[in-house]
Amino acid sequence: MSNRKIKIALLLGAGISLPSGRPSTDEITERILSGENVLRTEDEIYRLNSPPDFYRGESDEYIPRILAFLKRIKTEIDGYYSIRRRKHKTNYEDLYYVAGQLYDNETGEYDNPAVQALRDKIMLDPDIQSLLVGWKDHIYLFYEAVNYISDVACGMFPGDPSGLSHFGFIEDVCKDGDISNVDIFTLNHDKDLESYLRKKGVHFVDGFEEIQDEAFFRWNADLFDYGGSKIRFFKLHGSINWFWFRRDMKSAYSVLIPKGGFWNKNPFFSDRPIILLGTFNKMLDYLGGIFIELYGQFHNSLKITENLIVCGYGFRDKGINQEIVNWVNSSTNNMMIIVEPNPDNIRNTARRAISNRIDEWENERRVCIIPNGIESASWNDIKSIVTNGGRK
């Protein structure tokens, strides 16, 4: 290897968590649509397998209505994809996107004339009208449906799993002395990878600093520039342990990672984690709050990176894909290495911005696909591709 230090960026998706037993997209969708062991507790959060000391009286009032509504909009989504993309199976992200569009349209958050016809069609359905008898209005139903999807999805990632050895190749990247900088971008909400790296003694900056005598870690984006580590960790879609907080009604909002039961003692602490769900709505979500900083970091990192390693990502996020397309096309020196056990998935299920270009990029040595899952990925093999300009 030459004396030139190499900067590496990693883009990681939900597939990296499957070997540790985390639920798949299909499993999360099935749980959401079944409502099995889901309760709406007194703090207005939908929880899985809640302890008996939580108040359960409202669950029968809310959950059956939400499930009926979600199954109704699923029928519309299924019909759409049966014509457009027959291989696509409606998932919880699709449900969140449509329910969120209906809610945003009704509240005036985003004007969307195209949604009005769908709204009218659904609301004229007698089965949907019956859901509102003796209850609240349809806007509240849309709102609760969005919260329900988010809460159940978060609830399916409790604790730290024991089997995390499949992250070994990422550890090897971080500890390689030939690598000057490592930027890790993950689309996952769980805490598995950062927990693994900490256990392995890998120091990284994730944008949160510990505050002396406070029961939380506080977001400080300046740490990415002055944090004193060659490894930076970015959770582009948020995390199950990120929450909004302000000290009183006059204070600005901060993003915190609490320690222990911090939120139970603070009325200005949000009960719902800060995460991004859905499909095309993420394009707008990237422009607000903490996410505009994170997305900007992704954009800026790629500008000074020639090597992007992608693992566990299905190329379904349009905002992320656009950054990748712009980056690959910006320089003939840029190369993307994709760790994917079934390469045909990229051609068959990725969005067209990627699937239509993947063969061309491979021929030009801008892309190299390694037909492995993360558990069998080898940093030595990937490193040899990086240093040999895309040749395996």
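Structure first, text after, so check above.
Just so it is clear, the model here is predicted, and its values are computed rather than measured.

S.K.: Summarise the packing of helix α11 (residues 289–303) against helix α12 (residues 318–330); cite the residues concerned and give the values.
M.R.: Between α11 and α12, whose axes approach to 10 Å, the crossing angle comes to 15°. Relative to α12, the element α11 is oriented roughly parallel. The two elements α11 and α12 cross, and the hand of that crossing is right-handed. When α11 is examined against α12, the residues Tyr 295, Phe 298, His 299 and Leu 302 are found in contact with a partner set consisting of Gly 319, Ile 320, Glu 323 and Trp 327.

S.K.: A description of helix α1 (residues 25–34) should follow, citing residues and the corresponding values.
M.R.: Taken residue by residue, α1 has Ile 28, Thr 29, Arg 31, Ile 32 and Leu 33 as its buried positions. Where α1 ends, the next residue or the one after it, Gly 35, has phi of about 70°, a positive value.

S.K.: Tell me about the sheet that holds strand β14 (residues 367–370), and name the residues and values.
M.R.: Overall, parallel pairing links the six strands, which are arranged β7-β4-β1-β12-β13-β14 in an open sheet. For this open sheet the edge positions go to β7 (231–235) and β14, each flanked by a neighbour on one side alone. Pairs of neighbouring strands in the sheet enclose a mean axial angle of 15°, with direction left out of account. By the bridge criterion, five bridges tie strand β1 (residues 6–12) to strand β12 (residues 307–311) in an arrangement that is parallel. Its bridge partner lying in β12, Leu 12 is registered against Cys 311. Against the sheet, α12 contacts β1, β12 and β13 (335–339), and its axis sits at roughly 135° relative to β13.

S.K.: Tell me about the packing of aromatic side chains, and name the residues and values.
M.R.: Summed over the entire model, instances satisfying the criterion amount to 21 aromatic pairs. Ring geometry for Phe 208 and Trp 242: centres 5.2 Å apart, planes at 50°, overall tilted. Residue Phe 208 is located in strand β5 (residues 208–210), and its partner Trp 242 is located in the loop between β8 (238–239) and β9 (243–245); the two are separated by 34 residues in the primary sequence. Assessed through its relative accessible area of 9%, Phe 208 is described here as buried. The class of Trp 242 is buried, set by a relative accessible area of 3%. A ring pair is formed by Trp 219 and Phe 224, whose centres lie 5.7 Å apart and whose planes are at 65°; its orientation type is edge-to-face. A relative accessible area of 18% places Trp 219 in the buried class. Judged by its relative accessible area of 6%, Phe 224 falls in the buried class. In this structure an aromatic cluster arises from ring pairing among Phe 185, Phe 208, Trp 219, Phe 224, Phe 234, Trp 242 and Phe 298.

Calculation criteria
Residues numbered from 1 in each chain as written. Predicted model: local features only at pLDDT ≥ 70, side-chain atom pairs only at ≥ 80, totals over all residues. Heavy atoms only, no water. Axes fitted to C-alpha atoms, helices over the stretch in contact; angles between N-to-C directions. Helix = DSSP H or I, 4+ residues; strand = E, 2+ residues; numbered from the N terminus. Parallel < 35°, antiparallel > 145°, perpendicular 65-115°, else oblique. Left-handed = near helix turned anticlockwise from the far one by under 90°. Contact = heavy atoms within 4.5 Å. Buried < 20%, exposed > 50% of the residue type's maximum accessible area, 1.4 Å probe, protein only. Pairing = 2+ DSSP bridges. Phe/Tyr/Trp six-rings, centres within 6.5 Å; stacked < 30°, edge-to-face > 60°.

None of this, on its own, says anything about what the molecule does.
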